[in-house]
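Understanding the architecture of this molecule
One-letter residues, chain by chain:
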Amino acid sequence: MRKLAWAALGAVVAVALVIGVTDRSPATDEERAHRIGRTVMCPACSGETVTDSQAPVAVNIRRQISQRISAGESDDEIRDALATAYGERVILTPPKSGVAGLVWVLPVAALVAAAAGLVLAFRRWSHW
Amino acid sequence: MNEAVASRARPRTALWVAIAIGVAIALLVTVLATRDPASSRLVRSPLVGRTAPDMDAPTINDAGRFSLSDQRGKWLLVNFFATWCVPCQQEHDDLVRFAAAHTGAGDAAVVSVVFSDETSDVRKFFARRGGDWPVVADENGTYATAWGVARVPESYLVAPSGLVVGKITGGVKFAFLQAQLARFEAGR
C-alpha cells in the first residue's frame, strides 16, 4: 500500500513537471508575437512590456517582432536581436547559457536536493 | 537638574537637524534648477564597438538613396529624431552648424532617421529650419529598433571604419559634437 502511494506521488510529480516545462506553441503568429512581447521590457517605460505599452518604441518593437516572425525567425532569435540592440536588460527571460543560465538550473537542482532530503528524512523516521 | 539640561539641549538639536535638512534641500533644488535638461551625454550601448547596423534606403528630401556602407572613410552622425520632440527641435541648429562645418573637408557627415513621425511634417520642418543632409524614413521602426533607439533624440557616432563609437542621448550641441569627434579621432 505504501509503495503504491509513493508511485502515485511520483507519477503526479512527473506529470506536473512535464506539463510545466513543455513548450506549448501558440496557434497563430499574432499570439506568438503577443507572447514574445510579454517577455520584452519597453526600453522607454517603467515596468511595462512592449505588449502592454503604447510608447512609440514599444509600437516599433512590436512591428519588428511581427516582421521577424513572418521572416521565419525563432523566439530566441528575435529576443537575441532585441538584446543586441537594447541590451540584455530588456529581456525578461534569462539566457539559457552563461552565468545567467544558472537561474534555469538552480531551481531544478534545489528541487532534486529537496526531494532527496525528504526521502532520506522519511527513511530515517520510518526506522524509529 | 539633569532634566533641565536635557530640555535645553533638545531644541538646539532639533534646530541643527532642521538646518541640515534645509541646506540639503536647497542644494538639491540648486542642482536641479541649474542643470541643462536637454544636455547631450554619451551613454552605454551594446552597439558601441560593433559594426553599425546596415542602413540602405531612399531619402525623403531628394538626397538620393542613402547607404551606410557608402559612408566608410568618414565620421557619420546618425541622428534619430521627430518633429514633435522639443529637444529635437532645439538641437537642429547645432546639427546644421555641424554638417556645414564638415561639408568642405568631407571628414564627417550627418544622416537623420525619422522616428514615429509624418513624412510631410519632416519635409516642412527641414524646409523651414534648414539642413540638406540625407533624411531617411523609418515607417516600421526597422532602423530605430536595429540601433536600439528608445526615445528621441538619440544619435550615434560611427567611425570611418564603420564601427559605432558612441551613443548620445538628448539634444546634441555643436561644441559637444566637435569635442567628441576630436576625442575619438585622437583615439581616446
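Residues numbered from 1 in each chain as written. Chains lettered and ligands numbered in written order. Predicted model: local features only at pLDDT ≥ 70, side-chain atom pairs only at ≥ 80, totals over all residues.

On to the overall build of chain B. Helix and strand counts for chain B stand at five helices and eight strands. Helices and strands in chain B line up, N terminus first, as α-β-β-β-β-α-β-α-β-α-β-β-α. Counting every position in chain B, which comprises 188 residues, the buried fraction comes to 32%. Intrachain contacts of chain B at a sequence separation of at least 6 include 74% that bridge at least 24 residues. (Helix = DSSP H or I, 4+ residues; strand = E, 2+ residues; numbered from the N terminus. Buried ≥ 20, exposed ≤ 12 C-beta atoms within 10 Å, placed from the backbone. Contact = placed C-beta atoms within 7 Å.)

Next up on the list: unusual backbone geometry. All names here are of chain B. Note the cis peptide between Val152 and Pro153, where omega equals 0 degrees. Structurally, Pro153 can be placed in the loop between helix 4 (142-147) and strand 7 (154-158). With phi around 55 degrees, Asp62 is a residue other than glycine that occupies positive phi space. Residue position: Asp62 is located in the loop between strand 2 (56-58) and strand 3 (65-67). What makes Asp62 exposed here is the crowd of 10 C-beta atoms within 10 Å. The phi angle at Ser116 is positive, at roughly 50 degrees, despite the residue not being glycine. Within the fold, Ser116 resides in the loop between strand 5 (108-114) and helix 3 (119-129). Residue Ser116 is classed as partly exposed on the basis of its C-beta count, with 18 C-beta atoms lying within 10 Å.

Residues and elements named next belong to chain B. Pairing is mixed in the open sheet, where six strands are placed in the order 1-8-7-4-5-6. Because the sheet does not close on itself, it has two edges, and the strands there are strand 1 (41-43) and strand 6 (135-136). Direction of pairing for strand 7 relative to strand 8 (residues 164-169): antiparallel, over a ladder of five bridges. Directly across from Tyr156, in strand 8, lies its bridge partner Lys167. (Pairing = 2+ DSSP bridges.)

Looking now at the interface of chain A and chain B. You'll often see interface size given as the accessible area lost when the parts meet. On the side of chain B, 15 residues touch chain A, which itself brings 13 residues to the contact. Listed by contribution, the elements that provide at least two residues to the side of chain A that touches chain B are helix 3 (56-70) and helix 4 (75-86) of chain A. Looking at the side of chain A that touches chain B, the element that brings in the most residues is helix 3 of chain A, giving seven residues.

Turning our eyes to something else, we now look at the pairing of strand 5 of chain B. All names here are of chain B. Among the seven residues of strand 5, six are classified as buried, and the element is accordingly described as predominantly covered. The parallel pair strand 4 (residues 75-81) and strand 5, bridged by helix 2 (residues 86-103), forms a crossover whose chirality is right-handed. One ladder, built from two bridges, connects strand 5 with strand 6; its direction is parallel. Across the sheet, the residue bridging to Val113 is Val136, located in strand 6. For the handedness criterion, the β-α-β arrangement of strand 5, helix 3 and strand 6 is classed as right-handed. (Right-handed = clockwise from strand over helix to strand, strands pointing away.)

Any functional reading would require information beyond the geometric quantities listed.
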